[in-house]
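Working through the structure, step by step
In case you want the letters, here they are:
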Amino acid sequence: DEELYPLKGTLKCEACGHPLTTSPSRGNSGLVPYYECRNKGCKSVRLNANETHKQFATILGQVKPTKRVMTLFQHMVFLNWDNVIEIGRA
């Protein structure tokens, strides 16, 4: 399920804010994966998972962290690395 729907639990309905669930649907070429809103009062969002993954990858490719964020990230990585080394020595 995680391989087919990696954004499960991350995507929310734009209409009601309810987390989108997943479901395969039968199409002419077999099963087609979807993210959809199953909130009883809403059910207004249904997204083709393959297209959604492509759009998400495009958005990720456009994200550029600031220099400050990169510095903080490096600090966190090295801090974690130091902890791993210390645990290995114990």
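For the structure given in this document, a descriptive report is provided here. (Residues numbered from 1 in each chain as written. Predicted model: local features only at pLDDT ≥ 70, side-chain atom pairs only at ≥ 80, totals over all residues. Heavy atoms only, no water.)

Description of the packing of aromatic side chains
Considering all chains together, one arrives at one aromatic pair under this definition. Summarising the aromatic geometry, the rings of Tyr 5 and Tyr 35 are spaced 5.6 Å apart at their centres and angled 75 degrees between planes, so their arrangement reads as edge-to-face. One end of the pair, Tyr 5, is in the segment before strand 1 (21-27); the other, Tyr 35, is in strand 2 (residues 30-36), with 30 residues separating them in the sequence. Summarising the burial analysis for this pair, Tyr 5 and Tyr 35 share the class buried. The lysine or arginine in question, Arg 46, covers the ring of Tyr 34, its NZ or CZ lying 3.9 Å from the ring centre. (Phe/Tyr/Trp six-rings, centres within 6.5 Å; stacked < 30°, edge-to-face > 60°. Helix = DSSP H or I, 4+ residues; strand = E, 2+ residues; numbered from the N terminus. Buried < 20%, exposed > 50% of the residue type's maximum accessible area, 1.4 Å probe, protein only. Lys NZ or Arg CZ within 6 Å of the ring centre and 35° of its normal.)

As for the sheet that holds strand 2
If you walk across this open sheet you meet the three strands as 1-2-3, and the pairing is antiparallel. Whereas interior strands pair on both sides, the edge strands pair on one side only; in this sheet they are strand 1 and strand 3 (46-48). Neighbour-to-neighbour, the strand axes of this sheet turn through a mean angle of 40 degrees, independent of strand direction. Pairing geometry for strand 2 and strand 3, over three bridges, is antiparallel. Each residue of the ladder has a partner; that of Tyr 35, found in strand 3, is Leu 47. (Pairing = 2+ DSSP bridges. Axes fitted to C-alpha atoms, helices over the stretch in contact; angles between N-to-C directions.)

Remarks on the pairing of strand 2
Regular strands place their side chains on alternate faces of the sheet. The buried fraction of strand 2 amounts to five of the seven residues, a majority that puts the element mostly inside the structure. The sheet contact formed by strand 1 and strand 2 spans seven bridges and is antiparallel. Residue Thr 22 lies in a different strand from strand 2, and its bridge partner there is Tyr 35. What sits between strand 1 and strand 2 in their antiparallel hairpin is a turn of two residues.

Looking at the pattern of salt bridges
Opposite charge on two side chains lets them pair, provided their charged atoms get close. For the structure shown, the criterion picks out three salt bridges. The shortest N-O distance in the salt bridge between Arg 38 and Glu 36 comes to 2.9 Å. On the basis of relative accessible area, Arg 38 is assigned to the partly exposed category, the value being 45%. Of the residues examined, Glu 36 reaches a relative accessible area of 11% and is grouped as buried. The partner of Lys 54 in a salt bridge is Glu 51, and the shortest N-O contact between them spans 3.6 Å. Within this pair, Lys 54 and its partner Glu 51 are both found in helix 1 (residues 49-62), separated by three residues, close to a single helical turn. For Glu 51, a relative accessible area of 41% gives the class partly exposed. (Salt bridge = Lys/Arg side-chain N within 4 Å of Asp/Glu carboxyl O.)

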